[in-house]
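Breakdown of the fold
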Amino acid sequence: MDLIKRFLGYTAVDTQSDEYSESVPSTEKQKNLARLLKDELESMGLEEVYMDSMGYVYATLPANTDARIPTIGFISHMDTSPSMSGKDVKPRIVENYDGGDILLNSEQNIVLSPSLFPELLAHKGEDLIVTDGTTLLGADDKAGIAEIISAVEYLQQHPEIKHGKVRIGFNPDEEIGMGAAHFDVERFGCEFGYTVDGGEVGEMEFENFNAAKAVFKIQGLEVHPGYAKGKMVNASLLAGQLIGMFPADETPGTTCGYEGFYHLVALSGEVDHAAATFIIRDHDRAKFEDRKRFAAQVAEKMNAQYGAGTVTVEISDQYYNMKEQIDKVPFVVDIACEAMKLAGVTPVKVPIRGGTDGAQLSFKGLPCPNLFAGGMNFHGRYEWVPIQSMEKAMMTVVRIIELTAQRTW
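Quick look at the structure, then. (Residues numbered from 1 in each chain as written. Predicted model: local features only at pLDDT ≥ 70, side-chain atom pairs only at ≥ 80, totals over all residues. Heavy atoms only, no water.)

Moving on, we come to the packing of aromatic side chains. Throughout the structure, instances matching the rule amount to 18 aromatic pairs. Residues Phe74 and Tyr194 carry aromatic rings whose centres are separated by 5.8 Å and whose planes lie at 20° to one another, so their mutual orientation is stacked. Pair noted here: Phe74 is in strand β3 (residues 72-77) and Tyr194 is in strand β9 (residues 192-198), with a separation of 120 residues, a long-range link. There is no split in this pair, since Phe74 and Tyr194 are both buried. Relative to Phe278, the ring of Phe246 lies with its centre 4.1 Å away and its plane at 20°, an arrangement referred to as stacked. Placement of Phe246 in the loop between α5 (235-244) and β12 (261-269) and of Phe278 in strand β13 (residues 273-282) is noted, with a sequence separation of 32 residues between them. Side by side, Phe246 and Phe278 carry an identical accessibility label, which is buried. (Phe/Tyr/Trp six-rings, centres within 6.5 Å; stacked < 30°, edge-to-face > 60°. Helix = DSSP H or I, 4+ residues; strand = E, 2+ residues; numbered from the N terminus. Buried < 20%, exposed > 50% of the residue type's maximum accessible area, 1.4 Å probe, protein only.)

Moving on to the pairing of strand β2 (residues 57-61). A regular strand places its side chains on the two faces of the sheet in alternate fashion. Taken across its five residues, β2 has five buried, putting it largely inside the fold. Both strand β1 (residues 47-51) and β2 contribute to a ladder of three bridges, which runs antiparallel. In the strand pairing of β2, Met51 is matched with Val57. Counted between consecutive antiparallel strands, the loop separating β1 from β2 contains five residues, among which Gly55 sits at a positive phi close to 95°. As paired strands, β2 and strand β8 (residues 166-171) are joined by five bridges and run antiparallel to one another. Its bridge partner lying in β8, Tyr58 is registered against Gly169. (Pairing = 2+ DSSP bridges.)

The next thing to look at is the side chain of Glu203. Among the structural elements, Glu203 can be located in strand β10 (residues 203-205). Of the buried charged residues, Glu203 lacks a salt bridge, with Arg353 as the closest side chain of opposite charge at 12 Å. Among the polar contacts made by the side chain of Glu203, one reaches the main-chain amide nitrogen of Gly199 at a distance of 3.2 Å. Not counting chain neighbours up to four residues away, the residues in contact with Glu203 comprise Gly198, Met340, Val348, Val350, Asn370, Leu371 and Phe372. (Lys, Arg positive; Asp, Glu negative; His and termini not counted. Salt bridge = Lys/Arg side-chain N within 4 Å of Asp/Glu carboxyl O. Polar contact = N/O pair within 3.5 Å; in protein donor to acceptor, adjacent residues only side chain to side chain. Contact = heavy atoms within 4.5 Å.)

Looking at the secondary structure, you find Asn105 in strand β5 (residues 102-105). Taking the relative accessible area as the measure of exposure, Asn105 reaches 11% and is therefore buried. Within the structure, the side chain of Asn105 is placed 2.9 Å from the backbone nitrogen of Gln108, a separation counted as a polar contact. Dropping the residues within four chain positions of it, Asn105 is found in contact with Ile110, Asp132 and Thr134.

Taking strand neighbours across the sheet as the criterion, the eight strands line up as β1-β2-β8-β3-β9-β16-β10-β15 in an open arrangement whose pairing is mixed. Lying at the two open borders of the sheet, with one neighbouring strand each, are β1 and β15 (348-349). As paired elements, β3 and β9 share four bridges and run parallel to each other. Paired with Ile72 across the bridge in β9 is Phe192. Along the sheet, helix α2 (residues 30-43) makes contact with β1, β2 and β8, crossing β1 at roughly 165°. Strands in contact with helix α3 (residues 139-157) are β2, β3, β8, β9 and β16 (370-372); relative to β3, the strand with the most contacts, it is inclined by about 145°. (Axes fitted to C-alpha atoms, helices over the stretch in contact; angles between N-to-C directions.)

The next subject is the sheet that holds strand β11 (residues 210-219). One open sheet accounts for four strands, arranged β12-β13-β11-β14; its pairing is antiparallel. The open sheet terminates on both sides in strands that have one partner only, identified here as β12 and β14 (311-319). Strand-to-strand twist of the sheet, defined as the mean angle between neighbouring strand axes without regard to direction, takes the value 15°.

This paragraph deals with the environment of Gly260. For Gly260, the location among the structural elements is in the loop between α5 and β12. Between the alpha carbons of Gly260 and Met245 there is a distance of 17 Å; along the sequence they are 15 residues apart. Leave out the neighbours within four places in its chain, and Gly260 touches Phe209, Thr255, Arg281, Asp282 and Arg291.

On to unusual backbone geometry, then. In this model, Val24 is joined to Pro25 through a cis peptide bond whose omega is -5°. By secondary structure assignment, the location of Pro25 is in the loop between α1 (3-11) and α2. The omega angle of the peptide bond from Asp140 to Asp141 is 10°, so this bond is cis rather than trans. Within the secondary structure, Asp141 sits in helix α3. Of note, Asp173 is a non-glycine position whose phi angle comes to about 65°, a positive value. As for its position among the elements, Asp173 is in the loop between β8 and α4 (185-188). For Asn377, which is not glycine, the phi dihedral falls at a positive 55°. Structurally, Asn377 is set in the loop between β16 and β17 (385-386).

Turning next to the environment of Glu250. Of note, Glu250 is situated in the loop between α5 and β12. Note: C-alpha distance between Glu250 and Phe261 (11 residues apart in sequence) is 4.7 Å. In terms of polar contacts, Glu250 uses its side chain to reach the side chain of Arg291, at 2.8 Å.

By themselves, these figures tell us nothing about what the structure is for.
Okay, structure coming up:
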């Protein structure tokens with residue numbers, strides 16, 4: 001099956017995850033794509049094809065040589081972001097992009113423009129897959145799924161390329177941070193692997209944020225406003241004061257590169273009670289721990305002013321910087337960079353200002369850097385992916401498998 005036809009077929013399946021759900025997967029509809037993938041992998045003749053009760057799909061391309069070659073794995077996620085609907089996606093191919101504005105939706109006057117997204121100009125002359133402006137596209141990460149399966153199909157069609165055992169895995173709920181939570185690393189049985197979940201062509205990611213969540217709960221005192229002097233404690237006003245104690249120049253909108261931040265992601269409140277949720281991020285582990293201590297001190301200062309128990313905070317770690325694990329096996333980065341060059345791609349090592357399933361998997365014993373899948377502007381109506389970038393991602397996977405077999409172990 002053609003790479004692009006395969007990808008467009010996947011985008012037709014609504015797999016939006018739900019961060020407020022307590023089920024696994026968070027939405028049952030993710031299993032619709034899981035079942036489709038299971039059937040496709042079986043029809044290709046792969047071995048050990050398996051879908052578990054939570055919607056995780058695994059399969060094996062057996063080795064075609066008796067040489068001692070490590071088993072490697074490739075992983076992508078099936079869900080799309082809760083940020084925007086992935087239902088009834090209507091993709092369109094803009095052939096030979098001319099560098100100008102792309103009208104996505106004439107009725108709503110939705111335009112994808114290089115004036116807002118200048119990275120479009122780097123892909124002038126290429127063929128872009130875009131949305132109709134009413135949904136996201138789903139290149140994050142259905143492009144990665146299509147590229148991995150197409151790479152496996154390519155190897156089946158080219159038996160002259162010798163390779164070891166290759167495992168592939170597709171998981172739900174990456175977008176809500178739970179993709180690796182139930183991934184069966186032991187069953188996967190790989191010595192190292194790669195997630196194919198990055199963005200711009202050439203991106204090679206093996207550094208990510210250390211991440212934590214801080215949930216503040218504020219207890220106020222409701223009193224009739226006519227008789228409130230000296231008695232009322234307005235929890236919503238206290239929430240505003242608490243938020244103001246965080247540095248205004250250390251937010252996502254004011255930082256880049258290796259700079260960490262505090263990010264207010266949720267706020268609710270009444271007079272009687274209020275709540276504020278922050279995520280805490282930093283690449284540096286020591287600075288990360290300092291940031292968590294600062295958040296705890298904010299609660300302590302509020303309680304010193306308004307009384308013990310006014311503010312409580314629960315701080316929980318979410319994931320850590322995979323670089324700690326990848327530094328132990330640097331060859332996984334070397335192989336990927338060499339493979340990109342063979343695929344006509346210049347490797348670009350960039351720190352992830354976020355996290356991937358690979359970060360959690362690396363700490364579960366599966367070193368797992370992240371490779372580009374080619375998509376841009378994830379999680380919204382302006383998402384797009386160049387066909388040429390997808391083709392290069394597919395061939396990068398092929399070359400990684402080939403180089404792994406050629407290496408002396």
